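So the chains spell out like this:
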Amino acid sequence: MGGDGVLKKIGAIFAAVAAVAIVAFFVWDGVFNKTASKEFFAMDTVISVKITGKDADKCVAEIEKCVAELDSILTRHKTTSEISIINKNSGGNLSDKTAEYFRLLLDVSKKSGGAFDFTLGAVSDLWGFGKNPVVPEVAEIQKLLSECGYNKVTLSGNELTVGGGIIDFGAVGKGIALDEIRSILENAKVKEAVISVGGSVLLYGEKEASVGIRDPYGNAGRSIATLSLADTCISTSGSYERCFEENGKTYHHIIDPKTGFPVENELISVTVISQNGAISDALSTACFVLGVEKGAALAKEFGCEAVFITKDKRVYATDGAAPKLEITDTSYTLI
Amino acid sequence: MKTKLFRKGDIAVILVILVAAAAFRLYQTKQSDKLEAVITVDGKTVETIDLSAVESKRVIELDTAPKVVIAVEKGAIYFEEAECDDKLCINCGKLSRKGDTAVCLPAKTVVTVSGSDVDVMTY
């Protein structure tokens, strides 16, 4: 056999190995890196999931079921929900999971000095955000404010006592959903996932994803900055959501628990990054109420990072968030 | 006899593959340049529209509850009418850039211009 014959033989072996590798790659990729995506509506918002891994399809179905169940527990607009029953009875014996949520939210409420308060359901109803919005009478607001407050809520073991107000998980329901979704993913064969529950985001897995922070003055799909992150939760509170105008003044939905009126400070949006979805949701509201300085201190206390955007397009980022942040809209300035 | 590494037929096959790859790459580039809008109702795609190819304005009436009417014109798509209470979908205005999105929650309808630069949005 001459040199050409050897060359041909080597070529044939190489071709065979390459063919096997290509087939293996596609089989491996198709089975173990299967991607499933779905968009659905629950918790009064739109939810999108994109999951890669062997159990992707199974997880999508489980997530849909889980979010529907969570909605039926947390909503106060269904008389049969656990929260509605708590509100009706001014407390009760909670399931372990719900007790854990309350423990966490009480902690955020206390540490934020009441900037986050989950007992303002009646005040929120008075404003009628999203339905028939109206500026309420000051006297009405003050009466309701005097009746509610997180400091009237006590939790002993799983026994909850509500001393006034209406419990409303509206500011944290999406974050709680992210935590429950993470549990599903952890118990399945999943490589990575990108989940959005109405703009509160869970990034699962080691692969970094780019998260766009919404342009406060533009379309919901446009971003002014991106955060490159992996394996974390991201929540944003912005005064551009659910707002209305009356007598030339715009009112937004983030209520200052001290005044009962929409927060009036320099901020237009706050984004919080946390390993815990409920904390990132609660802190984004609390940090918005507190403003840049106190908000950043609170985020630090919880070991979280934050990005603050002011009405005049200045961007403040905590030390851990800054290296991950890229401003993409040149009309905004990183301070 | 000296054996050639490649025969004429082999070269022809290689050339065909190269041309096909180049054509595919060109097609992909063209696709990514395209301004494409997707309308979904309850997670299911009901229509995909190449906005750059729209010649004149047309409306799409969706059989949702509440009813919504979506208008399409050259380079833009938007909610024109909606029987929902808050009209947030209409207030989103015209969607004309990649990643632009408008949602009518009561009608479970989402309109998105495909091709966002980011993996996910926080808002």
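In this text, all values refer to a predicted model and were calculated from it rather than measured experimentally. (Residues numbered from 1 in each chain as written. Chains lettered and ligands numbered in written order. Predicted model: local features only at pLDDT ≥ 70, side-chain atom pairs only at ≥ 80, totals over all residues.)

Considering the overall build of chain B
A tally of helices and strands in chain B yields 2 helices and 8 strands. When the helices and strands of chain B are placed in sequence order, the string is α-β-β-β-β-β-α-β-β-β. Relative to its length of 123 residues, chain B is extended, with a C-alpha radius of gyration of 22 Å against a globular reference of 14 Å. Once the C-alpha set of chain B is aligned to its principal axes, its extents read approximately 85 × 35 × 25 Å. In chain B, once contacts between residues fewer than 6 apart in sequence are set aside, the share between residues at least 24 apart is 28%. (Helix = DSSP H or I, 4+ residues; strand = E, 2+ residues; numbered from the N terminus. Rg over C-alpha atoms; globule rule 2.2 N^0.38 Å. Contact = placed C-beta atoms within 7 Å.)

Digging into the sheet that holds strand β3 (residues 58-62) of chain B
Strands in a sheet are paired, the pairing made by backbone hydrogen bonds, and the direction either parallel or antiparallel. All names here are of chain B. With respect to topology, 3 strands assemble into an open sheet ordered β3-β4-β5, the strand pairing being antiparallel. What marks the edges here is a single partner per strand, and that holds for β3 and β5 (76-82). Taken pair by pair, the neighbouring strands of this sheet meet at an average axis angle of 25°, ignoring direction. Two strands pair when backbone bridges link them, and strand β4 (residues 68-73) and β5 are joined in this way by 6 bridges, in the antiparallel orientation. In the sheet register, Val72 faces β5, and the bridge partner there is Ile77. (Pairing = 2+ DSSP bridges. Axes fitted to C-alpha atoms, helices over the stretch in contact; angles between N-to-C directions.)

Observations regarding the packing of helix α4 (residues 96-111) of chain A against helix α8 (residues 277-290) of chain A
Residue and element names in this part refer to chain A. Here α4 crosses α8 at 30°, and the two axes come no closer than 10 Å. Overall, the two elements α4 and α8 adopt an arrangement that is roughly parallel. For the crossing formed where α4 meets α8, the hand is right-handed. Contacts from Tyr101, Leu104, Leu105 and Val108 of α4 reach α8 at Ala278, Ile279, Ala282, Leu283 and Ala286. When the residues that make up the contact of α4 with α8 are grouped by side-chain class, the tally is 9 nonpolar, no polar and no charged. (Parallel < 35°, antiparallel > 145°, perpendicular 65-115°, else oblique. Left-handed = near helix turned anticlockwise from the far one by under 90°. Nonpolar A, V, L, I, M, F, W, Y, C, P; charged D, E, K, R; others polar.)

Details of the interface of chain A and chain B
Contacts between the two partners involve 34 residues from chain A and, on the opposite side, 26 residues from chain B. Elements with a contribution of two residues or more to the side of chain A that touches chain B: α1 (3-32), β1 (35-42), β2 (45-52), β6 (192-197), β8 (209-214), β9 (223-229) and β10 (232-238) of chain A. Considering every element that reaches the side of chain A that touches chain B, the biggest residue donor is β8(A), with 6 residues. Considering only residue class, the side of chain A that touches chain B consists of 11 nonpolar, 15 polar and 8 charged. Taken together, the 3 bridges between β8(A) and strand β8 (residues 120-122) of chain B define a ladder with parallel strand orientation. Across the sheet, A:Ile213 pairs through a bridge with B:Thr122, a residue of β8(B).

Some words on the environment of A:Val67
Residues and elements named next belong to chain A. When you line up the elements, Val67 lands in helix α2 (residues 56-74). In this structure the C-alpha to C-alpha distance between Val67 and Gly260, which are 193 residues apart in sequence, comes to 30 Å. Setting aside residues up to four positions removed in sequence, Val67 forms contacts with Ala42, Met43, Ile47 and Ala177.

Concerning the pairing of β10(A)
Residues and elements named next belong to chain A. Among the 7 residues in β10, 7 count as buried, and that is most of the element. Residues Thr232, Ile234, Thr236 and Gly238 point to one face of β10 and Cys233, Ser235 and Ser237 to the other, with burial holding for every one of them. By the bridge criterion, 3 bridges tie strand β7 (residues 200-204) to β10 in an arrangement that is antiparallel. Paired with Leu202 across the two strands is Cys233, which belongs to β10. In this sheet, strand β13 (residues 267-274) lies alongside β10 in antiparallel orientation, the contact comprising 6 bridges. Directly across from Thr236, in β13, lies its bridge partner Thr271. (Buried ≥ 20, exposed ≤ 12 C-beta atoms within 10 Å, placed from the backbone.)

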